[in-house]
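Architecture at a glance
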Amino acid sequence: MQCQKPAPLQPGDLLRVIAPSGALREFESFRRGVEIWQSRGYRVELSSGYDDRWGYLAGKDEGRRSQLLEALKDPDCRGILCARGGYGGARLLENWGGWLDDPRWLIGFSDITSLLWSLCRYGISGVHAPLLTTIAAEPAWSIQRLFDWVEGHSIEPLQGTSWVEGTASGILLPANLTVATHLLNTPEQPVLTNVILAFEDVTEAPYRIDRMLTQWRMSGAFSQVKGIAVGRFSQCDPPPNVPSFSVEEVLRDRLGDLKIPILAELPFGHDGVNAALPVGVMGRIEGDRLWVEESSGNDGN
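In this text, all values refer to a predicted model and were calculated from it rather than measured experimentally.

With that settled, the discussion passes to the sheet that holds strand β5 (residues 127–128). Hydrogen bonds between backbone groups are what pair the strands of a sheet, and the pairing can be parallel or antiparallel. With mixed pairing, six strands are arranged side by side in an open sheet as β2-β1-β3-β4-β5-β12. Only two strands of the sheet have a single neighbouring strand rather than two, namely β2 (43–46) and β12 (277–278). Bridge count for strand β3 (residues 77–82) against strand β4 (residues 105–108) is three bridges, and the pairing is parallel. Across the sheet, residue Leu 81 finds its bridge partner in β4, namely Ile 107. Sitting on the sheet, helix α2 (residues 61–73) touches β1 (14–18) and β3, and the angle it makes with β1 is about 170 degrees.

This part covers the pattern of salt bridges. Tallied over the full model, the rule gives 19 salt bridges. Note that Glu 293 and Lys 5 form a salt bridge whose closest N and O atoms lie 2.8 Å from each other. Linking Glu 293 in the segment after β14 (289–292) with Lys 5 in the segment before β1, this pair joins segments that are 288 residues apart in sequence. For Glu 293, a relative accessible area of 25% translates into the label partly exposed. The structure contains a network of salt bridges with shared partners spanning Arg 16, Glu 45, Glu 70 and Asp 74.

Quick look at the sheet that holds strand β9 (residues 195–202) now. If you walk across this open sheet you meet the eight strands as β6-β14-β13-β8-β9-β10-β11-β7, and the pairing is mixed. Looking at strand neighbours, the two that pair on one side only are β6 (158–159) and β7 (161–164), the edges of this open sheet. Examined bridge by bridge, strand β13 (residues 282–286) and β14 share four bridges and lie antiparallel to one another. Its bridge partner being in β14, Arg 284 is matched across the sheet by Trp 291.

What the largest pocket holds in volume is close to 850 Å³. In this structure, the largest pocket is lined by 41 residues; those nearest its centre are Gly 85, Gly 86, Ser 110, Asp 111 and His 270. Counting only elements with at least two residues in the lining of the largest pocket, the list comes to α1 (27–39), α5 (177–181) and β9. By residue class, the composition of the lining of the largest pocket is 12 nonpolar, 20 polar and nine charged. One number sums up the size of the second largest pocket: a volume of about 220 Å³. Around the second largest pocket, the lining residues are Met 1, Cys 3, Cys 120, Arg 121, Gly 123, Ile 171, Leu 173, Pro 190, Val 191, Thr 193, Asn 194 and Val 195. Of all elements in the fold, only α3 (113–121) and β8 (167–176) reach the threshold of two or more residues within the lining of the second largest pocket. Within the lining of the second largest pocket, the residues separate by chemical class into eight nonpolar, three polar and one charged.

Another point: the pairing of strand β10 (residues 227–234). Successive side chains on a regular strand alternate, one facing one side of the sheet and the next facing the other. Taking burial as the measure, the eight residues of β10 include seven buried ones, the bulk of the element. Pairing of β9 with β10 involves six bridges; the strand directions are parallel. Note on β10: the bridge partner recorded for Val 202 is Ser 234. Once the chain exits β9 it traverses helix α6 (residues 206–219) before rejoining the sheet at β10, and the crossover so formed is right-handed. The pairing of β10 with strand β11 (residues 262–264) spans two bridges and is parallel. Its bridge partner being in β11, Ile 228 is matched across the sheet by Ile 262. One crossover worth recording links β10 to the parallel β11 by way of helix α7 (residues 247–255), and it is right-handed.

For the rest of this paragraph, the subject is the confidence of the model for the chain. Averaged over all residues, the pLDDT of the chain equals 95, while 97% of them reach at least 70. Low confidence marks residues 295–301, where pLDDT is under 50. Its contacts with residues over four positions away, or in another chain, come to 23 contacts.

On to the packing of α6 against α7, then. Running from N to C, α6 and α7 cross one another at 10 degrees; their axes reach a closest spacing of 9 Å. Classified by the angle between their axes, α6 and α7 sit roughly parallel to one another. Where α6 crosses over α7, the handedness of that crossing is right-handed. Contact residues: Pro 206, Ile 209, Asp 210, Leu 213, Thr 214 and Arg 217 in α6; Val 247, Val 250, Leu 251, Asp 253, Arg 254 and Leu 255 in α7. Among the residues forming the contact of α6 with α7, the class breakdown is seven nonpolar, one polar and four charged.

Moving on, we get to empty space enclosed by the protein. Counted according to the given criterion, the structure contains two cavities of 30 Å³ or more. Considering only enclosed or pocket space, the largest cavity measures out at about 50 Å³ in volume. What lines the largest cavity is Leu 72, Trp 99, Leu 100, Asp 102, Pro 103, Arg 104, Leu 119 and Ile 124. Of the residues that constitute the lining of the largest cavity, the class distribution is six nonpolar, no polar and two charged. Empty space within the second largest cavity amounts to approximately 30 Å³. Lining the second largest cavity, in full, are Trp 37, Leu 81, Cys 82, Ile 107, Pro 130, Leu 131, Leu 132 and Ile 135. Looking at the lining of the second largest cavity, its residues break down into eight nonpolar, no polar and no charged.

Quick notes on the rules
- Residues numbered from 1 in each chain as written.
- Predicted model: local features only at pLDDT ≥ 70, side-chain atom pairs only at ≥ 80, totals over all residues.
- Heavy atoms only, no water.
- Pairing = 2+ DSSP bridges.
- Helix = DSSP H or I, 4+ residues; strand = E, 2+ residues; numbered from the N terminus.
- Contact = heavy atoms within 4.5 Å.
- Axes fitted to C-alpha atoms, helices over the stretch in contact; angles between N-to-C directions.
- Salt bridge = Lys/Arg side-chain N within 4 Å of Asp/Glu carboxyl O.
- Buried < 20%, exposed > 50% of the residue type's maximum accessible area, 1.4 Å probe, protein only.
- 1 Å grid on protein atoms, 1.4 Å probe; cavity = no way out; pocket = protein on both sides within 12 Å on 5 of 7 lines; lining within 4 Å.
- Points joined across faces, edges and corners; volume = space filled by probe spheres on them.
- Nonpolar A, V, L, I, M, F, W, Y, C, P; charged D, E, K, R; others polar.
- Right-handed = clockwise from strand over helix to strand, strands pointing away.
- pLDDT = per-residue confidence, 0-100.
- Parallel < 35°, antiparallel > 145°, perpendicular 65-115°, else oblique.
- Left-handed = near helix turned anticlockwise from the far one by under 90°.

What follows is the structure, encoded as structure tokens:
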């Protein structure tokens, strides 16, 4: 079923910053990201411990989980901004007690896929969109697209290239492929029936992409999927002087015979434009475009 969308944000709303994954390193880009949200009129509050470090993680699991829970329990908080990706979000979902019934926006991508997909499983829509450390590098139209969606306005379809022609409608599930693969057959995996998957990834060699997609195929995870949208697979070139397929060849080989529409070269993912895509709302592949449901209003009102 389609997820419930949180109430549209309004300037003056409180947004809390959490670091649920990797340790913060990009302090200047992080500062600029905070300023972008503040310039829109939002109050941005940094959670205690957002800049902690424990190995490659932004602090120990209990501290990162506390940031998330405090933001969820804060009655004044209307949105949660994730500082960066990396790794660690899935660790917060071990023995996870569930999401609260009071929906508020969760915004991020890459490793934040784990939290976005878990939230979707509980029936609440988040946004696969730039992190605080990446939003300042986005073009103006991409930043405006994110603001438009969370503030209750429609967004334009994304244009790509059709690899397998056709029309498909389904619940939109954007994700980092690696993170999504590691959620398969766990309690936090959303239902994959009648969905449009939208995949991106970074720094994964073609054979590793092949291995992950083969796992999806062998597990039957693609069996009820209606369509696949392919974003950017950046820094996924094979090592020099090593026999290999290109990442595009792998994607075409592992996806092209599923007998569902495949729309590729869409502007989302790492190392380039990362256009916001809602999680858990209706999407549609039609021709060379990926459409998103018109309204982002609160379905509960």
